[in-house]
Amino acid sequence: MPFTKYSSIFLPADLETMRKIFELLCQERHLALNDAGQREDLASEVMDAFQNGFTDEATLWEALSKRRTPGTV
């Protein structure tokens, strides 16, 4: 995945938040490890949302989940 469009510096806690939400979204969307293109697109979505201010687990999940149910993270 090219990271050149991401100008922010992500702290370890930021990366952990994005990783956790990414993994939950992969499960929700039934993306397997061999769905590389879709997983890359999803990773970009997660990073874009994070950079647009959805920086905690609850708001990031709310922004990207199809279920959008509060308290499911």
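Residues numbered from 1 in each chain as written. Predicted model: local features only at pLDDT ≥ 70, side-chain atom pairs only at ≥ 80, totals over all residues. Heavy atoms only, no water.

## Overview of the overall build of the chain
Helix and strand counts for the chain come out as three helices and zero strands. Each of the 73 residues in the chain was classed as buried or not, and the buried ones make up 32%. Within the chain, counting contacts between residues at least 6 apart in sequence, those at least 24 apart form 58% of the total. Here the chain displays about 4800 Å² of accessible surface, and carbon together with sulfur accounts for 55% of that area. (Helix = DSSP H or I, 4+ residues; strand = E, 2+ residues; numbered from the N terminus. Buried < 20%, exposed > 50% of the residue type's maximum accessible area, 1.4 Å probe, protein only. Contact = heavy atoms within 4.5 Å. Areas by Shrake-Rupley, 256 points an atom, 1.4 Å probe, with all protein chains shown as cover.)

## Some details on helix α1 (residues 12–28)
Relative to the 24 Å expected for 17 residues at 1.5 Å per residue, α1 spans 24 Å between its end C-alpha atoms, a close match to the ideal helical length. For α1, the elements touching its buried residues are α2 (36–51) and α3 (57–64). In the stretch just after α1, H30 is the one whose phi turns positive, near 55°. (Expected span 1.5 Å × (residues − 1).)

## Thoughts on the nonpolar core
Core analysis: the biggest nonpolar cluster contains 16 residues, and M18, F22, L25, L42, V46, L60 and L64 have the highest contact counts within it. Elements with a minimum of two residues in this core: α1, α2 and α3. Among the elements that take part in this core, α2 stands out by supplying six residues, more than any other. (Core = buried A, V, L, I, M, F, W, Y, C linked by side-chain atoms within 4.5 Å.)

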